[in-house]
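Listed here are the chains, written in short residue letters.
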Amino acid sequence: MKKENNRIKVKDLLVSENLGKEVHVKGWVRTKRGSRKIGFIALNDGSTIHNIQIVVDFPEFDEQTIKLITTGSCLGVKGTLMKSEGHGQNVEIHAGQIEVYGTADPDSYPLQKKGHTLEYLREIAHLRFRTNTFGAVFRVRHTMAYAIHKYFNDNGFYYLHTPIITGSDAEGAGEMFRVSVLDHLDPPKTSEGKVDYEKDFFGKETNLTVSGQLEAELGALALSEVYTFGPTFRAENSNTPRHLAEFWMIEPEMAFYDINDNMDLAEDFLKYIVRYALENSPDDLEFLNNMYDKELLERLKFVVEKEFVRADYTEAIEVLKKADAKFEFPVKWGSDLQAEHERYLVEKHYKRPVILTDYPKEIKAFYMKQNTDGKTIRAMDVLFPRLGEIIGGSQREEDYDKLKRRINELKIPEKELWWYLETRKFGTAPHSGFGLGFERMVQFVTGMSNIRDVIPFPRTPRNAEF
RNA sequence: UCCUCAGUAGCUCAGUUGGUUAGAGCAUCUGACUGUUAAUCAGAGGGUCGUUGGUUCGAGUCCAACCUGGGGAGCCA
């Protein structure tokens, strides 16, 4: 790879053995301190959470130039890499030449040397990358995204790009964002007075996808093992630290996997991502551990090392009924588990991640494979500490008649799903899959408590800034 | 969407049962200092108290609505 004009990244300089050599570094000023004659600049270029210290003999430089070096300004520095005379760092650069690329007026630059609240930084999301915290979070996010692709690639999965714009609301996963080019003040109308989407761009009603699963299934029933990893949209009015209107979802879909194979994959996959982050982002995770969540590293190691507990829904209900805890919502077979129930199972009872299976069919989606008892389906939810449900998946119903009957029972427009049903008509196969919300996984690994702090530009109700 | 807490200087906050001229730390600016580590020390500037309306002789403080943010819940990933 061609490198730009001999610049060396801070990450490499900090472990460099080339003491006494001339080096060129570029980055943004975190702090400047010192006296009349000597100054110290902490410079960061995003390659690592650590800064390189630039030592400046002020009398050797033009006073006007020195004045431009303030917190947030951008510099290129040529100088000599030296063993540091001070404590706190091994090496430092004694500046020979300083070029100021961009100034940052200290009076109006919104970031101080001192820490800020996450809420304040959220308001300046265009600049928050320049803080230690967000540098760490987004480096870890990248590492995890890479780990996901690597895991699937190494295991023979194909990355399938499912559509962002969809013509069906089949899954019923939530409220959708409509995609339309019609004049919303004066749309064309049908003779019945409704909006005439035949006149719209696609000739039908279209929305932003809520899930790539159904399309992924089509791929799996030919390519055997596929996964999607892309943006997903929900127009729900959810105001919580765990929900976004636009988030990234990972959805593997595998032919010939039953529910047990599915669980094995989910557990192995989650452990792989956590292990990969621990091994490849140790500095960033250590920083987050020290600053925000003292038990973070311990918890991550725990997840990697311990086997997840597997239990079925009915068992979980029994545990909850016997539980020595007061719940706001009643525990009853047939109703969905509430957040408090999930938390009790994971944090109090089993004390490790839990995979729950065989839920009542009434509370789960139409495409899940029905058990022979006529009451439950082969669904599995992976429950994590702090977050609750992090993965939802199932073996899919591969029987044409059963699937069609369920679609009709739930009054889902069968016509819209003709293509989905055809896979069960021609060469159907047992298959399974699951969905993982990427940001929730990043939350778990970074320990950030608000999901808005693990995606660069969060989209939430009444907020689409940047 | 519901419950709950909050909104005062650039940032983080204090502000007593309603009472004269609204405070602190940090940041910024000026000065001092030859090795600092969120440097230190001295001084200075900086406010329509979220918005609108109301109660009152008098509102940062009480009331109402709205806006914004945090936490919890629902919906979910």
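Everything quoted here is computed from the prediction, not taken from an experiment.

Each value, and the rule that gives it
- Residues numbered from 1 in each chain as written.
- Chains lettered and ligands numbered in written order.
- Predicted model: local features only at pLDDT ≥ 70, side-chain atom pairs only at ≥ 80, totals over all residues.
- Heavy atoms only, no water.
- 1 Å grid on protein atoms, 1.4 Å probe; cavity = no way out; pocket = protein on both sides within 12 Å on 5 of 7 lines; lining within 4 Å.
- Points joined across faces, edges and corners; volume = space filled by probe spheres on them.
- Helix = DSSP H or I, 4+ residues; strand = E, 2+ residues; numbered from the N terminus.
- Near = heavy atom within 4 Å.
- Polar contact = N/O pair within 3.5 Å; in protein donor to acceptor, adjacent residues only side chain to side chain.
- Buried < 20%, exposed > 50% of the residue type's maximum accessible area, 1.4 Å probe, protein only.
- Pairing = 2+ DSSP bridges.
- Axes fitted to C-alpha atoms, helices over the stretch in contact; angles between N-to-C directions.
- Nonpolar A, V, L, I, M, F, W, Y, C, P; charged D, E, K, R; others polar.
- Domains from an automatic or database assignment.
- Contact = heavy atoms within 4.5 Å.
- Buried area = accessible area lost by both parts, 1.4 Å probe.
- Salt bridge = Lys/Arg side-chain N within 4 Å of Asp/Glu carboxyl O.
- Phe/Tyr/Trp six-rings, centres within 6.5 Å; stacked < 30°, edge-to-face > 60°.
- Lys NZ or Arg CZ within 6 Å of the ring centre and 35° of its normal.

Trainee: Even after reading the chapter, I still don't get the layout of surface pockets, so can you show me in this structure?
Mentor: Gaps left between atoms show up when a probe the size of a water molecule is rolled over them. The calculated volume of the second largest pocket comes to roughly 480 Å³. Along the walls of the second largest pocket sit 25 residues, with Arg30, Gln112, Lys113, Thr131 and Asn132 positioned nearest its centre. Looking at the lining of the second largest pocket element by element, the count peaks at five residues for strand β1 (residues 22-34).

Trainee: In this structure, what is going on with the protein's contact with RNA strand B? I would like to understand it.
Mentor: In the vicinity of RNA strand B, 50 residues are found, and the nearest of them are Arg33, Arg122, Asn237, His243 and Arg440. When atoms of RNA strand B within 4 Å of the protein are split into backbone and base, the sugar-phosphate part holds 50%. The side chain of Glu92 places a nitrogen or oxygen atom 2.6 Å from a base nitrogen of RNA strand B. In this structure, a phosphate oxygen belonging to RNA strand B sits 2.3 Å away from a side-chain N or O atom of Arg122. Secondary-structure elements contributing two or more residues to the surface near RNA strand B are β1, β2 (38-44), β5 (91-102), α3 (118-123), β11 (246-255), α10 (339-349) and β15 (388-395).

Trainee: So what exactly am I meant to see when it comes to helix α5 (residues 213-223) here?
Mentor: Residues three or four positions apart in an α-helix share a direction because the helix packs 3.6 residues into each turn. For α5, the set of buried residues is Gln213, Leu214, Glu215, Ala216, Glu217, Gly219 and Ala220. The first or second residue beyond α5 is Ser224, which carries a positive phi of 75 degrees.

Trainee: Quick question: what am I supposed to make of the side chain of Thr162 here?
Mentor: Mapped onto the elements, Thr162 comes out in the loop between β6 (158-159) and β7 (165-166). Classification of Thr162 by relative accessible area gives buried; the value is 19%.

Trainee: How should the sheet that holds β5 be read in this particular structure?
Mentor: Either a parallel or an antiparallel arrangement is found when strands of a sheet pair, and the pairing is made through backbone hydrogen bonds. Spatially, five strands are ordered β1-β2-β3-β5-β4 in a closed barrel, and the strand pairing comes out mixed. Put simply, the sheet's adjacent strands are angled 55 degrees from each other on average, direction ignored. As paired elements, β1 and strand β4 (residues 74-83) share seven bridges and run antiparallel to each other. Following the sheet pairing, His24 is matched in β4 by Lys78.

Trainee: Any chance you could explain empty space enclosed by the protein here in plain terms?
Mentor: The full count for this structure, using the stated rule, is three cavities of 30 Å³ or more. Here the second largest cavity is characterised by a volume of approximately 40 Å³. Together, Lys361, Lys364, Ala365, Phe366, Met368, Gln370, Ile377 and Arg406 line the second largest cavity. A breakdown of the residues in the lining of the second largest cavity according to their chemical character gives four nonpolar, one polar and three charged.

Trainee: It is not clear to me how the environment of Glu328 should be interpreted in this structure. Could you clarify?
Mentor: Note that Glu328 resides in the loop between α9 (313-322) and α10. Of the residues examined, Glu328 reaches a relative accessible area of 67% and is grouped as exposed. With 97 residues separating them in the primary sequence, Glu328 and Lys425 have C-alpha atoms 46 Å apart.

Trainee: Would you take a moment to explain the sheet that holds strand β9 (residues 206-208) for this structure?
Mentor: Read across the open sheet, the three strands follow the order β7-β9-β8; overall the sheet is antiparallel. If you trace the sheet from one side to the other, it starts and ends with β7 and β8 (178-179), each paired once. Two elements, β7 and β9, share two bridges in a ladder whose sense is antiparallel. Paired with Thr166 across the strands is Asn207, a residue of β9.

Trainee: Help me understand the domain arrangement of chain A in this model?
Mentor: For chain A, the assigned domains are domain 1 (4-109) and domain 2 (128-175 + 210-453). Taken over C-alpha atoms, the centre of domain 1 sits 45 Å from the centre of domain 2. Taken together, the contact between domain 1 and domain 2 spans nine residues of the former and eight residues of the latter. Between domain 1 and domain 2, a total of about 670 Å² is buried, with carbon and sulfur atoms accounting for 41% of that surface. Counting across the interface, domain 1 meets domain 2 through zero salt bridges.

Trainee: Is there a simple way to think about the packing of aromatic side chains in this case?
Mentor: To describe a pair of aromatic rings, you give the distance between the ring centres and the angle between the ring planes. Applying the stated criterion across every chain yields a total of 25 aromatic pairs. Residues Phe366 and Tyr420 carry aromatic rings whose centres are separated by 6.1 Å and whose planes lie at 70 degrees to one another, so their mutual orientation is edge-to-face. On the criterion of sequence distance, the pair formed by Phe366 in the loop between β13 (354-360) and β14 (376-384) and Tyr420 in helix α12 (residues 418-425) is long-range, its members being 54 residues apart. For Phe366, a relative accessible area of 3% gives the class buried. With relative accessibility at 0%, the residue Tyr420 sits in the buried group. In textbook terms, an aromatic cluster arises when at least three aromatic residues are bridged by ring pairs, as seen for Tyr146, Tyr151, Phe152, Phe157, Tyr159, Tyr227, Phe269, Tyr272, Tyr276 and Phe434. Above the face of the Trp333 ring, Lys375 is positioned so that its terminal group lies 5.3 Å from the ring centre. Here Arg424 stacks its cationic end above the ring of Tyr420, 4.2 Å away from the centre of that ring.

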